[in-house]
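Coordinate inspection notes
Each chain, written out:
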Amino acid sequence: MTPTVSFRQLQVFATVARLGTVSAAALELSLSQSATSQALSELERHLGVVLFERHGRRLYLNGLGRHLMPRAEQLLDGVEAFVAAATEPEGELHGALDVAASATVGTYLLPGLVGGFSEAHPRADLRLRLRNTLEVMTDVLRLEADLGLIEGECREPRLASEPWREDRLVVVCAPSHPLARCGRLDDAGLGEAAWILREPGSGTRAVFEQAMLDRDMLPRVRMELGQHEAIKQAVRAGLGLGCLSRLSVADELARGELIALDSALSLRRTFSLVWHPERYRSPLWQAFKVFLRESTPAD
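Okay, so let's go over this structure. (Residues numbered from 1 in each chain as written. Predicted model: local features only at pLDDT ≥ 70, side-chain atom pairs only at ≥ 80, totals over all residues. Heavy atoms only, no water.)

Some points on the packing of aromatic side chains
Within the structure shown, the criterion is met by six aromatic pairs. A centroid spacing of 5.7 Å and a plane angle of 70° characterise the contact between F13 and F52, whose relative ring orientation is edge-to-face. Taken together, the residues F13 in helix 1 (residues 7–19) and F52 in strand 1 (residues 52–55) connect sequence positions 39 residues apart. Relative accessible area serves as the criterion here: at 2%, F13 is assigned to the buried category. (Phe/Tyr/Trp six-rings, centres within 6.5 Å; stacked < 30°, edge-to-face > 60°. Helix = DSSP H or I, 4+ residues; strand = E, 2+ residues; numbered from the N terminus. Buried < 20%, exposed > 50% of the residue type's maximum accessible area, 1.4 Å probe, protein only.)

Considerations on the environment of L265
With respect to the helices and strands, L265 occurs in the loop between strand 10 (259–261) and strand 11 (268–275). Residue L265 is classed as buried on the basis of its relative accessible area, which comes to 9%. When the C-alpha positions of L265 and E229 are compared, they lie 23 Å apart, and in sequence the two are 36 residues distant. With residues near it in sequence (within four places) discarded, L265 still touches V171, L190, F208, A211, M212 and R215. (Contact = heavy atoms within 4.5 Å.)

Considerations on the pattern of salt bridges
Counting across every chain of the model gives 23 salt bridges. The partner of R54 in a salt bridge is E44, and the shortest N-O contact between them spans 3.5 Å. Of this pair, R54 sits in strand 1 while E44 sits in helix 3 (residues 33–47); the two residues are 10 residues apart in sequence, bridging distant segments of the chain. Classification of R54 by relative accessible area gives partly exposed; the value is 47%. Two residues, K232 and E229, come together in a salt bridge whose shortest N-O distance is 3.6 Å. Within this pair, K232 and its partner E229 are both found in helix 11 (residues 228–236), separated by three residues, close to a single helical turn. Under the relative-accessibility criterion, E229 is labelled partly exposed at 37%. (Salt bridge = Lys/Arg side-chain N within 4 Å of Asp/Glu carboxyl O.)

A few points about the layout of surface pockets
By volume, the second largest pocket is sized at about 460 Å³. As for the second largest pocket, its lining consists of 19 residues, of which G152, E153, R155, A206 and V207 are closest to the centre. Secondary structure elements with two or more residues in the lining of the second largest pocket: helix 7 (133–141), helix 10 (203–213) and strand 11. For the lining of the second largest pocket, the element with the most residues is helix 10, which contributes five residues. Of the residues that constitute the lining of the second largest pocket, the class distribution is five nonpolar, eight polar and six charged. (1 Å grid on protein atoms, 1.4 Å probe; cavity = no way out; pocket = protein on both sides within 12 Å on 5 of 7 lines; lining within 4 Å. Points joined across faces, edges and corners; volume = space filled by probe spheres on them. Nonpolar A, V, L, I, M, F, W, Y, C, P; charged D, E, K, R; others polar.)

Considerations on the nonpolar core
Counting 23 residues, the largest nonpolar core has L110, L126, L149, W164, F288 and L292 as its most contacted members. Beyond its immediate stretch of four places on either side in the chain, L126 contacts L97, V114, F117, L284 and F288. Grouped together as the second largest cluster of nonpolar side chains are 20 residues, V12, L29, L40 and A72 included. (Core = buried A, V, L, I, M, F, W, Y, C linked by side-chain atoms within 4.5 Å.)

Any functional reading would require information that these geometric values do not contain.
This is the structure we're talking about:
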């Protein structure tokens, strides 16, 4: 006999998988914790399998759970589409989309794009989170994000990806720095400089370190900071040189608060879109991806 699985059980399964705790899922679904826990237990009992690994209060999908998650999402989206077809104007995009973006993309590009998309599709709920590149790929792998935007190429073989936009990093210093007058950093200066960089796992950090390695050098890192603004403040204070996306320092360069230095480093890179190939791609997902791909850079 085929096990009986209810819509509620699938809904609880997908929500717990996304949020990581029964209590958070219960709150989102407006259920009691006992009802939420019971629905999850009944699903595993009906199927005769275990879907989660439990570490303290947190629940993480095991291998089978990750395999089944895209199918559960597809079934849930199918029910939502059925209801929407009866109650909403034909063709109107709706639903929620979780988007994880690395710091440069999420801070300097995505807000304007999401605003434009949301204005055109007011019933679409785009939920954004800022992470570093490594964390974005982890979120997508764990099915905690529907779509990721990262700095650089995706080197995770379990994810699908495609290039999105080109970007260029720039070495910057304070106007009071001795190098500000000459405007150039030679190889000796690259090796001797004190650097203020993003944390390991950042796409910006990875591109800079690879550019240094291509010239057989390692940077002398004075500070590691997790935010662009913190790096810019430290560089302005004369604590060292920084290397950031030109997108993130355009205003400071225009106002003369930072000075761009020429160097022999190869600092061009590609922003990429990444997604889990087995995850269900809803009409909203597909529409937003097309919108991103067809959006025109401002410069």
